[in-house]
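Coordinates in review
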Amino acid sequence: MDTSVARKTNVPDFATAYYLLEGLNEIGVDYLFCNFGTDHAPIIDEMAHRRRRGEPMPAIVRCPHENTAAHMAAGYALVTGRGQGVLVHVDVGTANTANGMHNLFRSRLPVLLMAGKAPYTVNDELVGSRDTYVHFVQEPFDQASLVRPYLKWEWTLPSGVVVKEALRRAASIMQSEPCGPVYLMMQRETLTQHWRADEIRRYTGEQFATTSGGGADPELIAALADRILKAENPILITGYAGRHERGSRAINALAQFAGIAVYEANMTNNISHDSPCFVGFTADKAVPEADVGLLVDVDVPWFPSDVQPSDKSFWAHIDIDTLKPGSPMWTFPGNMRMQGDSGRILDQVLEALKAKATPRFKEAVAARLKRIKAARDERTARAAKLASEKGRAGAINPHYLTAELAKLLDDRDLIYNEGVTNAAAVLMQIPRRVANTTVRAGGGGLGWSGGTALGAKLAAPDRLTVQICGDGGFYFGNPTSVFAVAQQYKLPILTIVMDNTGWNAVKQSTLRVYPEGEAKSANAFEAELAPNVHFTKVAEAFGAYGEEVSDPADVPAALARCVKEVRGGRAALLHARVTRM
């Protein structure tokens, strides 16, 4: 033991940081996605200590930017369902994760965010006292406020003696449905405290079980079944149910038995797009005509400014989070709310329907399934027509580009769709047969797809992982950090940048508010970005393959070369100059 440490402590064995790493291993944290700072000196030293002793601890992934670290944890959780650790530097590192915590919170993904705090002693009273300029300026009055709107739990570790209890508490909260971020802050002096091994209480996972949703009240189930039995135009809108296999199966089974059209709203594909009841991503035309609607694990089923349901329709919310307490206002209609596991609840509804189904009901279902098939066929034909228009030199049609990409993908390949105004083209042209293989962020923080793709690749190294973004999202994603991690940790991802030279979402928003306004008259939307950049150079700087394409005729071969590189173990970036905003 270092003599200076011995002088300032009167207990033997190990430092709090040693038990912290041990405790992270015990709660199932496989990886720590890290951006280190001065506050982590005790943790760094104990990492070396544990390695020398041959003792287990989470693997370390060093991320040059915290945005990459936070979203890598998101990607890993999306694939595995298990939250990982993100370790950042005091208040400034925490601030850099706020965008990621917003996305994780809104996407219902678990993560344990950890940060140091400025040391509280200034005269060398304890090991870890302040010893540099930043220790005096990195102590805000309320560090957690930087991310508090996006947290399920927060705490500052008061003493190393409870470090393992704190970790178990954090893990049980982040993994309980709806999952989400938790935040633990630790000061250097606390991390350097030494404790005997028998003073640190250990807790098993069984002692800190997570909560998950159960089924619903049988009376409510019966009432909803009766509504569906009498319905003429039932629909189901979902956003997250496909996160769990049971939920995906239950939606498909119920929809086919009852002739219910299924729409997906934003987050992730919930059922196979080959399902005879899947009809698309926008329920705007169906909502006013629906007499019974099921909102299943969804946050934003439609935009009330664009569409209104009938006053006579009946809406049932089936969700682990029916009241949306994380949103101050959430006013979608709800005649019935059943909070719990959507898969279990929908299985209950299906069982009740099977017991009550009449020949008349089955005839009505058959007729609805024919109408649903017609809608599916119409949608497929429309997608094909859109993809047939290739565009022109310097203005590749995004529908054509993504349709060509679809030809190169396997059913289990993973797509992280940050296309924003071109996201619809990705969804329409790359139908997914396997649930949960294409994802959009539940939050609104741009720059998420690169880190998320890296985390997913880490969790599923045998699956091609694709990041699709616009030029605006590419900037937000700290791409140098993304490609640095891809190179250092051998995580080959395919990045496709659909470059329309600006923030089209900003332009379109302005036009929606002021369709004939001054901005339109002047063609001045404050949305243009640099037009003559070469994003391939960013990838190439970190050893990735880069290719730029502007002629539609070159798209198939360029995509094939990029995919070949990635499947061969090298990250690749395709910079596609698409139709300008």
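Anything mentioned here points back to the structure above.
Read on for a plain summary of the structure.

Criteria and thresholds
Residues numbered from 1 in each chain as written. Predicted model: local features only at pLDDT ≥ 70, side-chain atom pairs only at ≥ 80, totals over all residues. Heavy atoms only, no water. Helix = DSSP H or I, 4+ residues; strand = E, 2+ residues; numbered from the N terminus. Buried < 20%, exposed > 50% of the residue type's maximum accessible area, 1.4 Å probe, protein only. Contact = heavy atoms within 4.5 Å. Areas by Shrake-Rupley, 256 points an atom, 1.4 Å probe, with all protein chains shown as cover. Lys, Arg positive; Asp, Glu negative; His and termini not counted. Charge placed at Lys NZ, Arg CZ, Asp CG, Glu CD. Patch = residues over 30% accessible without salt bridge, like charges linked within 9 Å, V, L, I, M, F, W, Y side chains within 5 Å. Salt bridge = Lys/Arg side-chain N within 4 Å of Asp/Glu carboxyl O. Pairing = 2+ DSSP bridges. Axes fitted to C-alpha atoms, helices over the stretch in contact; angles between N-to-C directions. Parallel < 35°, antiparallel > 145°, perpendicular 65-115°, else oblique. Left-handed = near helix turned anticlockwise from the far one by under 90°. Right-handed = clockwise from strand over helix to strand, strands pointing away.

**What about the overall build of the protein chain?**
- Helix and strand counts for the protein chain come out as 20 helices and 22 strands.
- Based on the C-alpha atoms only, the size of the protein chain along its principal axes is roughly 85 × 60 × 50 Å.
- Residues classed as buried in the protein chain amount to 55% of the 581 residues present.
- Contacts in the protein chain between residues at least 24 apart in sequence constitute 78% of all its contacts with a sequence separation of at least 6.
- Of the roughly 24,700 Å² of accessible surface on the protein chain, 51% is carried by carbon and sulfur atoms.
- If you average the places of the 63 positive and of the 64 negative side-chain charges in the protein chain, the two averages end up 5 Å apart.

**Considering a nonpolar patch on the surface**
- Taken together, the side chains of Val122, Tyr133, Phe136 and Val137 present a nonpolar region at the surface, about 440 Å² in accessible area.
- Mapped onto the secondary structure, valine 122 falls in the loop between strand 5 (111-117) and strand 6 (153-156).

**What to know about the sheet that holds strand 12 (residues 292-296)**
- Read from one edge to the other, the open sheet built from six strands follows the order 11-10-9-12-13-14, with strand pairing classed as parallel. Looking at the sheet topology across the chains shown, the edges are occupied by strand 11 (278-280) and strand 14 (336-339). On average, adjacent strands in this sheet sit at an angle of 25 degrees to one another, irrespective of strand direction.
- As judged from the five bridges shared by strand 12 and strand 13 (residues 314-319), these two strands associate in the parallel manner. Looking across to strand 13, one finds that valine 296 is bridged to isoleucine 318.

**Let's talk about the pattern of salt bridges**
- Across all of its chains, the model carries 33 salt bridges by this definition.
- The partner of arginine 249 in a salt bridge is glutamate 245, with the nearest N and O atoms 3.5 Å apart. With a gap of four residues between them, arginine 249 and glutamate 245 both fall in helix 9 (residues 245-258), about one helical turn apart. A single burial state applies to arginine 249 and to glutamate 245, both of which are exposed.
- A salt bridge links arginine 570 to glutamate 565, with the shortest nitrogen-to-oxygen separation between them at 3.5 Å.
- One continuous salt-bridge network, built from bridges that share partners, spans Glu22, Glu26, Arg50, Arg53, Glu55, Lys164 and Arg202.

**Re the pairing of strand 7 (residues 181-187)**
- Among the seven residues of strand 7, seven are classified as buried, and the element is accordingly described as predominantly covered.
- Residues Pro181, Tyr183, Met185 and Gln187 point to one face of strand 7 and Val182, Leu184 and Met186 to the other, with burial holding for every one of them.
- Note: strand 5 against strand 7, seven bridges, orientation parallel. By the bridge assignment for strand 7, leucine 113 is matched with tyrosine 183.
- Here strand 6 pairs with strand 7 via four bridges, running parallel. In the sheet register, threonine 156 faces strand 7, and the bridge partner there is methionine 185.

**Things to note about the packing of helix 12 (residues 398-406) against helix 20 (residues 555-567)**
- Two numbers describe how helix 12 lies on helix 20: the axes approach to 10 Å, and their chain directions differ by 45 degrees. The angle between the axes of helix 12 and helix 20 places the two elements in the oblique class. Helix 12 and helix 20 meet at a crossing whose hand is right-handed. Contact with helix 12, carried on its side by Tyr400, Leu401, Glu404 and Leu405, involves Val555, Pro556 and Leu559 of helix 20 and no other residues of that element.

**Overview of the environment of threonine 132**
- By the secondary structure assignment, threonine 132 is in the loop between strand 5 and strand 6.
- Given the relative accessible area of 30%, threonine 132 is considered partly exposed.
- Once the C-alpha coordinates of threonine 132 and leucine 559 are considered, the two residues, 427 residues apart in sequence, prove to be 50 Å apart.

**Quick look at the sheet that holds strand 19 (residues 465-470)**
- With parallel pairing, six strands are arranged side by side in an open sheet as 18-17-19-20-22-21. This sheet does not close on itself; its edge strands, each paired only once, are strand 18 (438-439) and strand 21 (545-549).
- In terms of strand pairing, strand 19 meets strand 20 (residues 494-499) through five bridges, oriented parallel. Looking across to strand 20, one finds that glutamine 467 is bridged to threonine 495.
- Where helix 14 (residues 449-459) meets the sheet, its contacts fall on strand 17 (414-418) and strand 19, and the angle it forms with strand 19 comes to roughly 175 degrees.

**Considering the pairing of strand 4 (residues 84-88)**
- With five of five residues buried, strand 4 is to be regarded as a mostly interior element.
- Of the strand pairs in this sheet, strand 4 and strand 5 are connected by five bridges, and their pairing is parallel. Within the sheet, the bridge partner assigned to leucine 87 lies in strand 5 and is methionine 114.
- Handedness of the β-α-β unit built from strand 4, helix 5 (residues 90-106) and strand 5 comes out right-handed.

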